[in-house]
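# Analysis of the macromolecular model
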Amino acid sequence: GGIPSKLYDCSKYKCVTTKYLNPEIDYGELLDERDSLVYRTVQIGEQVWMAQNLNYKPKEEKSYCMDNVEDSCSVYGRFYPFSVAMDSLNQGGCGYGGDCQRNVVHQGICPNGWHLPDSTEIATFMKYIKNEYDQDSLSAIKADSTWKYSYLGTNKSGFSLLGSGRYIFSSIGYSDLKGEHTYLWGNGWSKYASEYGGVYYGDMYIGGCVSVQKNGFYYIRNLGDGFFGTDLIYINAYNVRCLKNPS
């Protein structure tokens, strides 16, 4: 079932499930040569994004699956701490509580030719979605069946966001807000909690429900229009959607 690959033999490559994609969208394809996973990509305005969450498992750094069940990563992708999403082990010091040395186009944990989006690129994406879909903009970026209650999406854009929630660290890690929110890392960084607590970039809203925080992640929620971060968010783990490098 799903959307068949036009480029890769899925009996030889690890094709990510297309169950939650929009079959009316003409998706591109991306082979991650590190682990032979094949992702679908989607054109959003002038940008090309991954249409599925990254599921690359780094050998030397931590990443997590929803509910600590390995098979769930094949659907929801992996959850990465900020330093792992930035690949600070190989690309610079982006650990918790310190300044982040990032490249202008910062690859982070993304495949070659792709990178973690910065706040300007996220703003470009959100403005395009808002202009294209207006009042339906939030619904247009969400896949339907992974969201709870009346939160279902139309996924008209093909972006196919899942209600994957986040991964919280405690004595034992656990998943939180499944079906209600989704969180995605960008490449930003703010060292001081007072610089980003409760601060939005106002022009990055979609219907009052999408926000980019100064500390470099953006998230989608379904109720309310506020979020007040603390410095603990850096030790939580969120999903990654990579953006194709400019040609």
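Placed above this text is the structure.
Residues numbered from 1 in each chain as written. Predicted model: local features only at pLDDT ≥ 70, side-chain atom pairs only at ≥ 80, totals over all residues. Heavy atoms only, no water.

## Brief notes about the overall build of the chain
Worth spelling out the cut-off: Helical segments are the DSSP runs of H or I of at least four residues, strand segments are the runs of E of at least two, and each set is numbered from the N terminus. Buried residues are those whose accessible area, probed at 1.4 Å on protein chains only, stays under 20% of the maximum for their type, while exposed residues exceed 50% and partly exposed ones sit between those limits. When checking whether two residues touch, look at their non-hydrogen atoms; a contact exists if any pair is within 4.5 Å. Only the protein chains shown count as cover for residues, and all accessible areas are computed by the Shrake-Rupley method using a 1.4 Å probe.
Secondary structure summary: the chain contains 6 helices and 11 strands in total. Across the 247 residues of the chain, 53% fall into the buried class. Restricting the contact set of the chain to residue pairs at least 6 apart, pairs at least 24 apart contribute 56%. For the chain, the computed accessible surface area is about 11400 Å², with 48% contributed by carbon and sulfur atoms.

## Some details on the environment of Asn155
Definition in use: Side-chain atoms alone can form a polar contact between residues adjacent in sequence; in general such a contact is a pair of N or O atoms within 3.5 Å, and within protein one must be able to donate a hydrogen while the other accepts it.
Take Asn155: it is sitting in the loop between helix H5 (137-140) and strand S6 (166-168). Separated by 16 residues in the primary sequence, Asn155 and Ser139 have C-alpha atoms spaced 6.3 Å apart. Those residues within four positions of Asn155 in sequence are excluded, and the remaining contacts are Tyr20, Leu21, Asn22, Tyr27, Ser139, Ala140, Ile141, Lys142, Ala143 and Ser160. Only 3.4 Å separates the side chain of Asn155 from the backbone nitrogen of Phe159, close enough to count as a polar contact.

## As for the environment of Tyr27
Mapped onto the fold, Tyr27 is located in the loop between strand S1 (14-15) and strand S2 (28-32). The buried category is assigned to Tyr27, whose relative accessible area is 8%. Separated by 24 residues in sequence, Tyr27 and Ile3 place their C-alpha atoms 9.3 Å apart.

## Here we look at the pattern of salt bridges
Worth spelling out the cut-off: The working definition used for a salt bridge is a side-chain nitrogen of Lys or Arg within 4 Å of a carboxyl oxygen of Asp or Glu.
Applying the stated criterion across every chain yields a total of 4 salt bridges. A salt bridge links Asp26 to Lys6; its shortest N-O distance comes to 3.2 Å. In this pair, Asp26 sits in the loop between S1 and S2 while Lys6 sits in the segment before S1, placing the two residues 20 residues apart along the sequence. Here Asp26 matches Lys6 in class, with each residue exposed.

## Quick notes on the packing of aromatic side chains
In plain terms, the rule: Between the rings of Phe, Tyr and Trp (Trp by its six-membered ring), a pair exists once the centres lie within 6.5 Å; its type follows the angle of the planes, with under 30 degrees stacked, over 60 edge-to-face, and the other angles tilted.
This model, assessed by the stated rule, comprises 6 aromatic pairs. Consider the rings of Trp49 and Phe125, whose centres lie 5.1 Å apart with planes at 55°: the pair is tilted. Taken as a pair, Trp49 in strand S4 (residues 47-50) and Phe125 in helix H4 (residues 119-133) lie far apart in primary sequence, 76 residues in all. Accessibility assignment for this pair places Trp49 and Phe125 in one class, buried. Ring plane angle 45° and centroid distance 4.8 Å describe the contact between Trp185 and Tyr238, whose orientation is recorded as tilted.

## What to know about the nonpolar core
This is how the line gets drawn: Remark: nonpolar core denotes a set of buried residues (Ala, Val, Leu, Ile, Met, Phe, Trp, Tyr, Cys) joined through side-chain atoms within 4.5 Å.
Membership of the largest hydrophobic core comes to 22 residues, with the highest contact counts inside it found for Leu54, Tyr80 and Val240. Those elements that place two or more of their residues in this core are strand S3 (37-44), S4, helix H2 (82-85) and strand S8 (182-185). For this core, the leading source of residues is H2, giving 3 residues. Counting residues in hydrophobic clusters, the runner-up holds 16 residues, among them Tyr27, Trp49, Met126 and Ile141.

## Description of empty space enclosed by the protein
Our working rule: Using only the protein atoms, space was sampled on a 1 Å grid; points where a 1.4 Å probe fits but cannot get out form cavities, open sets with protein on both sides within 12 Å along at least five of seven lines form pockets, and lining residues are those with an atom within 4 Å of a point. Grid points are joined across faces, edges and corners, and a volume is the space filled by probe spheres set on the points. Residue polarity follows a fixed list, in which Ala, Val, Leu, Ile, Met, Phe, Trp, Tyr, Cys and Pro are nonpolar, Asp, Glu, Lys and Arg are charged, and the others, Gly among them, are polar.
Enumeration over the complete set of coordinates arrives at 1 cavity of 30 Å³ or more. When its volume is computed, the largest cavity comes out at roughly 80 Å³. Around the largest cavity, the lining residues are Val16, Thr17, Tyr20, Leu21, Ala51, Gln52, Asn53, Val75, Ser160, Leu162 and Arg241. For the lining of the largest cavity, the residue count by class is 6 nonpolar, 4 polar and 1 charged.

## With respect to the state of the cysteines
In plain terms, the rule: Criterion for a disulfide: a pair of cysteine sulfur atoms at a distance within 2.5 Å.
If you walk through the whole model with that rule in mind, you get 3 disulfides. Between the sulfur of Cys65 and that of Cys73 lies a disulfide, 2.0 Å long from S to S. Residues Cys65 and Cys73 are joined through a disulfide that is left-handed, its torsion about the S-S bond being -115°. Across the pair, exposure class does not vary: Cys65 and Cys73 are buried alike. Shown here is the disulfide that connects Cys110 with Cys242, its sulfur atoms set 2.2 Å apart. Linking Cys110 and Cys242, the disulfide has an S-S dihedral of approximately -95° and is accordingly described as left-handed.

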